[in-house]
Structure formats: structure tokens, C-alpha cells
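Spelled out from the first residue to the last, the chains are:
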Amino acid sequence: MTKINFLINDKKVVATNSETIWEVAKRSDIEIPHLCYLSEPGYRADGNCRACMVEIEGERFLAASCIRKPSEGMKVFTSSDRAKKSRKLVFELLLTHQPKKNESHDPTSNFWNWLDKTEVKESIFLKKNPIKEDSSHPSMAVNLDACIQCNLCVRACREVQVNDVIGMGYRGENSKIVFDFDDPMGDSSCVACGECVQACPTGALMPATLVNEKGVGESNVDKKVKSVCPYCGVGCQIEYNVKDNNIKYVNGIDGPANKNRLCVKGRFGFDYVSNPERLTKPLIRIKGKNKDLHPSIDFSNLHEYFREASWDEALDYAAKGFLEIKKKRNGKSNLAGFGSAKCSNEEAYLFQKLIRTGFNTNNVDHCTPVSYTHLRAHETPEQLGWRVLG
């Protein structure tokens, strides 16, 4: 691999022939603003926001550092007056159509962070009429008045997740992000993976849980906790963003199984954690309460049918019931086990071993064929890392 020696702010640096000026600067702890580029797996540089402009000695025009590759002996200046003035003008232009920070959809976004660092407070340019909000999707809020048309969401949808739902529509000052044929997001073919939400640098696309009825974002969190998605055995790595001990939203992180990407369940399916109807203690059916094929049991009358028990009592009660059924087999297997899609591969292995060796039956299966029938036809369980145990 060819090594390229050049200077950034009079500092000697070395690049490979595949690296851009921005990538080398980041590796050298030199900060250059950026909006339309994400240094995450699957994202290519586009160079259209012009927030990362740098000056190169001997060149008439400034260069977008996210797409410009260095050459031997090149001298790059990231903090020259020309570069700083250009970037400041870009941010001032982008600020023109934004809501005020205290009314913005994501006041902690990448965009507002860079505005603070470049010390841009206001814009002198004329503001156009805002685009109407789109609240048609249950999981994502669309507020295109904050959109800077950086095209990150387009690349996230089209090139990273390969869903091809988001695109650019119309021309000139009327151009905007569209879903399918300019449908409301909730009516489009969006699969709600949320990659666009994680990529958006301004808050134009946000988790619906973070935006109040006035469209103002509340994205501050107390802590971030790294974990593994509990929904299936793929092992996608995630980051919980926690506020007041509640999960506010979830981001994908760069794990070997997912490379930042998540499905709709992994990104948005965590409201059950703080649901007031979530069961937190074992329940045992009250004696004399008969079972019904069509029970009228809900959370409000649960204790008319069940009583609370300790874990030891509940486990002993279940084991006793299994043993009684096992004794009545009469030469046939009258027990079966269904594994959960929330189990890891190791847990699934232990489960089938319990059924086969403990219950002495091969009647064991996995709930994937039932739980995931809504997935697209070309996505098989094997492709997604699930395996039917049978």
C-alpha cells in the first residue's frame, strides 16, 4: 500500500492511497467540521454540504476534505482565514431555515454542535416558508424544516440498508426529501429500520419518542449503556440512551453482526421495558379458576385469576406439573417445547437439550416461523442468524 507524506497545518502526517484529507485529519486529532459525511461502515463521502472545506497551498479553490485525497508533499490548512470564513458562511446559510435552537427538534444534534464551535449565532439570509411536519409514522417524526439536504438519509436508506425508500424530489428551492412518490412516511414502503434517524445530523428525522406535541426535541440523556439486542440470536450491538431510568431511544453500534444497523424491533421495540402492565413477578393460577379457550383476562382483572408467588414456588410448581404430565405419556410423548426468538444461540442449544434429555422428546421447535412471518419473503431465518431447532 502506497504511503503519502504531506502536511496538515504544518504537521507532518502520513496517509495511505485510500484515505481522504478528512480521514487523516481525524486520525491525527485535527478537527474539521462535517455534516454530510459519516465515518461509519457503509457510508461514502458525498462532499455536498461544503462544511469541511480546507485550503491547499497553490490551489485557487478550497477543497472538500471528505472527498479530496492527498498527494505527496501537499500542504493543507484547516484553520486558515479563507477556510474558516468559507465554513462560517456555509453554516450561516444552513442556519437560515432552521427553527431556533430552543425550539429545534434536536438541540444536541451534530449540526447545532458545529454551529456552537464555529460561533455562528444567526443568519442574515431570507427564510423560506417551512415545510409541514409529517407525523404519520408511529416510530419516527419527520420535520423537514430542519433538513439541510445533506443526503445522508438517502444514502442510509438506499446504500446502507438497501431499502430505497428515501430520495430527493422536485427542483430548485422546492427540492426536498421524499418517501417513495412523496407519500407520508407512514404510508410509504418504509420498513422502519431507523437508519435514517441515526444518520440525520439536524433532527429532521427523529425517534417519535423524543419529540413533543410542539415538535420540540428532548434528546438529552443521563447515560448511555452498551448492550446486545434481546430480540433474536443475531447479536446486534446497541446503545441504550437512558433518561430518568427509562430508555429514551436506541442506537446501533459497530458490532460484528450489525455494523451499526438495526431492524425495527431492535431500534424501536423497547417501550415494553417501562410499560405499567409489564409482569415483574411470577403468577400461579388460583385453584378453582378454570381455563377457557377464549379467556377475558386483562391486566385490570389479572389477580382475579392468578396470585403472586416467589420464584422458588413458581419453579417448583412448574416442575411438578411437567413431571405429572410426563408420567401420563403411555408410550407417547405428550410434551413439546417452543424456543423464544429472544434467546441467544447458546440459550437455544441449552433449551433443545433440556427438551430432548429432560422431557425425553424430540417435539422441539422455535417460534421464528410464527413470530417473523411479517418479514420480507427473501429474508430467510438462516440469513438473519436464526435457526429452527427440530
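Remember, it's a predicted structure, so these values are computed and weren't measured experimentally. (Residues numbered from 1 in each chain as written. Predicted model: local features only at pLDDT ≥ 70, side-chain atom pairs only at ≥ 80, totals over all residues. Heavy atoms only, no water.)

1. Re the confidence of the model for the chain
Working step 1: Averaged over every residue, the pLDDT of the chain is 89; the share at 70 or more is 94%.
Working step 2: A low-confidence stretch, residues 372-390 (pLDDT under 50), is modelled with 33 contacts involving residues beyond four sequence positions or located in other chains. (pLDDT = per-residue confidence, 0-100. Contact = heavy atoms within 4.5 Å.)

2. Observations regarding the packing of aromatic side chains
Working step 1: Considering all chains together, one arrives at eight aromatic pairs under this definition.
Working step 2: Aromatic pair Phe91 and Phe111: ring centres 6.4 Å apart, planes at 35 degrees, arrangement tilted. One end of the pair, Phe91, is in helix H2 (residues 81-95); the other, Phe111, is in helix H3 (residues 110-118), with 20 residues separating them in the sequence.
Working step 3: With a relative accessible area of 0%, Phe91 lands in the buried category.
Working step 4: Ring centres of Tyr231 and Phe270 lie 5.9 Å apart, and the angle between their planes is 70 degrees; on these two criteria the pair is classed as edge-to-face. Residue Tyr231 is located in the loop between strand S10 (223-228) and strand S11 (237-243), and its partner Phe270 is located in the loop between helix H6 (264-268) and strand S13 (283-285); the two are separated by 39 residues in the primary sequence. Neither Tyr231 nor Phe270 differs from the other in exposure class; each is buried.
Working step 5: Each member of the aromatic cluster is reached from another via a ring pair, and the members are Tyr231, Tyr240, Phe270 and Tyr272. (Phe/Tyr/Trp six-rings, centres within 6.5 Å; stacked < 30°, edge-to-face > 60°. Helix = DSSP H or I, 4+ residues; strand = E, 2+ residues; numbered from the N terminus. Buried < 20%, exposed > 50% of the residue type's maximum accessible area, 1.4 Å probe, protein only.)

3. Side note on a nonpolar patch on the surface
Working step 1: Taken together, Leu89, Leu93, Ile124 and Phe125 make up a surface patch of nonpolar side chains, about 390 Å² in accessible area.
Working step 2: With respect to the helices and strands, the residue Phe125 is situated in the loop between H3 and strand S6 (140-142). (Patch = residues over 30% accessible without salt bridge, like charges linked within 9 Å, V, L, I, M, F, W, Y side chains within 5 Å. Areas by Shrake-Rupley, 256 points an atom, 1.4 Å probe, with all protein chains shown as cover. Salt bridge = Lys/Arg side-chain N within 4 Å of Asp/Glu carboxyl O.)

4. Some remarks on the environment of Ser340
Working step 1: Summarising the element assignment, Ser340 is placed in the loop between strand S15 (337-339) and helix H8 (345-358).
Working step 2: Of the residues examined, Ser340 reaches a relative accessible area of 33% and is grouped as partly exposed.
Working step 3: Sequence-distant contacts of Ser340, defined by excluding residues within four places in its chain, comprise His366 and Cys367.

5. Considering the pattern of salt bridges
Working step 1: Taken as a whole and judged by the stated rule, the model has 15 salt bridges.
Working step 2: Here Asp222 makes a salt bridge to Lys243, at a shortest N to O gap of 3.8 Å. Taken together, the residues span a long stretch of sequence, with Asp222 in the loop between strand S9 (205-207) and S10 and Lys243 in strand S11 at a distance of 21 residues.
Working step 3: Here Lys243 falls in the partly exposed class, since its relative accessible area comes to 29%.
Working step 4: Here the salt bridges share partners, and the residues they tie into one network are Arg44, Asp46, Arg155 and Glu159.

6. What about the packing of H2 against H3?
Working step 1: Running from amino to carboxyl end, H2 crosses H3 at an angle of 135 degrees, the nearest separation of the two axes being 11 Å. One element, H2, and the other, H3, form an angle in the oblique class. Judged by the sense of rotation from one axis to the other, the crossing of H2 with H3 is left-handed. Touching Lys88, Phe91, Leu94 and Leu95 of H2 are Phe111, Trp112, Trp114, Leu115 and Thr118, all from H3. (Axes fitted to C-alpha atoms, helices over the stretch in contact; angles between N-to-C directions. Parallel < 35°, antiparallel > 145°, perpendicular 65-115°, else oblique. Left-handed = near helix turned anticlockwise from the far one by under 90°.)

7. Section: the state of the cysteines
In protein structure, a disulfide is the covalent linkage between the sulfur atoms of two cysteines.
Working step 1: Tallying each qualifying case throughout the model produces zero disulfides.
Working step 2: Free of any disulfide, Cys190 has its nearest neighbouring cysteine sulfur in Cys196, separated by 6.2 Å. (Disulfide = S-S within 2.5 Å.)

8. Observations regarding the sheet that holds strand S2 (residues 11-16)
Working step 1: With mixed pairing, five strands are arranged side by side in an open sheet as S2-S1-S5-S3-S4. Looking at the sheet topology across the chains shown, the edges are occupied by S2 and strand S4 (63-64).
Working step 2: Examined bridge by bridge, strand S3 (residues 53-56) and S4 share two bridges and lie antiparallel to one another. Its bridge partner being in S4, Val54 is matched across the sheet by Ala63.
Working step 3: This element, H2, spans S3 and strand S5 (75-77) of the sheet and lies at about 160 degrees to S3. (Pairing = 2+ DSSP bridges.)

9. So, the sheet that holds S10
Working step 1: On the basis of which strands lie adjacent, the open sheet formed by three strands has the order S10-S11-S12 and antiparallel pairing. With one partner strand each, in any of the chains shown, S10 and strand S12 (246-252) form the two edges of the open sheet. Adjacent strand axes in the sheet meet at a mean angle of 30 degrees, parallel and antiparallel pairs treated alike.
Working step 2: Here S11 runs beside S12; their pairing, made up of six bridges, is antiparallel. The residue bridging Val242 from the neighbouring strand is Ile247, located in S12.

10. Some words on the environment of Gly42
Working step 1: Mapped onto the secondary structure, Gly42 falls in the loop between helix H1 (21-27) and S3.
Working step 2: If near-sequence neighbours (up to four positions away) are discounted, Gly42 is found in contact with Val160 and Arg261.

11. Concerning the pairing of strand S1 (residues 3-8)
Working step 1: The alternating pattern of S1 places Ile4, Phe6 and Ile8 on a buried face and Lys3, Asn5 and Leu7 on a face that is not buried.
Working step 2: Alignment of S1 against S2, held across six bridges, turns out to be antiparallel. Pairing of Leu7 across the sheet is with Lys12, part of S2.
Working step 3: Counting the residues between successive antiparallel strands, the hairpin from S1 to S2 contains two residues, one of them, Asn9, with a positive phi of roughly 55 degrees.

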